[in-house]
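Residues per chain, in single letters:
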Amino acid sequence: MTSEDFVPAPLRRLWGMPESSRLGRPAALDVTMVVAAAVTIADRDGLGGVTLPKVAESLGFTSMSLYRHVGSKNELLTLMANAALGPPPRLDTSDWREGLRRWAFAQRSVYQRRPWLTRVPASGPPAGPNQIAWMEAALAIMSHTHLDWAHKIGALSLISGYVAQSVRQYSELAEGRAEGQGQADAEREYGRALTRLVDPARFPETARLFSSPLFEAPPSDTPDATIADADFSLGLELILDGIAVRIEGSDS
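Residues numbered from 1 in each chain as written. Predicted model: local features only at pLDDT ≥ 70, side-chain atom pairs only at ≥ 80, totals over all residues. Heavy atoms only, no water.

What to know about the packing of aromatic side chains
- Evaluated as defined, the whole model comprises six aromatic pairs.
- Judged by centre distance (5.0 Å) and plane angle (85°), the ring pair of phenylalanine 105 and phenylalanine 232 falls under edge-to-face. Within this pair, whereas phenylalanine 105 is found in helix α6 (residues 96-113), its partner phenylalanine 232 is found in helix α11 (residues 224-251), the two being separated by 127 residues in sequence.
- Of the residues examined, phenylalanine 105 reaches a relative accessible area of 29% and is grouped as partly exposed.
- Owing to a relative accessible area of 1%, phenylalanine 232 belongs among the buried residues under this scheme. (Phe/Tyr/Trp six-rings, centres within 6.5 Å; stacked < 30°, edge-to-face > 60°. Helix = DSSP H or I, 4+ residues; strand = E, 2+ residues; numbered from the N terminus. Buried < 20%, exposed > 50% of the residue type's maximum accessible area, 1.4 Å probe, protein only.)

Here it is as structure tokens:
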């Protein structure tokens, strides 16, 4: 018995470990082909469009044929998430704050190209080679700090979760806007409507918020991406500020 015998089949497939050799002709279908077809469907139709019958049909096989290569729909989603994420870019900085900032924006860029990735159910901690590579990149950035492992993983999880939630929320808000309406106009209409509805006697601080210039600030022709970048950067910097306080405490 080898060490590979202790690796569960789903993890073997996730890491591209070779299956046991079989006599006869090479298989006409493999895990890579199944995952690539599923990712293509998700890119085109969203995550809801991915079903085993549709993936099988796109490949010219039956649904039952897929079960020889992926154990379940959940396993297929895990394989898709790892493949679609791809490897992280080189971050080329020794400054932990700038490194984590670049790491977050790089991950956000992937999610923006494939927003369906933010909707893949989390079936467990990162386990695929690409996911581990992104983890390694973040941990390497923080290796020059005195944070312990628990705080490093906490920081990584917090930033990654923020990135996914930010992209998912932006996508949902865009889907909910009227056709042709930009984010600046939507925010302005929202602020003006709530100004009329929120009673200052009942919600004093919220009333002050809606009467402030915040929702009137962006000009109507401000690109949605510019507003989204600014909103994302603000939240990210708040998170990095918190990590900075923890790092300073660990250095003392």
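Looking at the pattern of salt bridges
- All chains considered together, the criterion is met by 13 salt bridges.
- Where arginine 90 meets aspartate 92, a salt bridge forms, and the shortest distance between an N and an O atom there is 3.3 Å. Of the two residues, arginine 90 and aspartate 92, both sit in the exposed class.
- Glutamate 237 is the partner of arginine 97 in a salt bridge, and the nearest nitrogen-oxygen pair spans 3.0 Å. One end of the pair, arginine 97, is in helix α6; the other, glutamate 237, is in helix α11, and 140 residues separate them in sequence. (Salt bridge = Lys/Arg side-chain N within 4 Å of Asp/Glu carboxyl O.)

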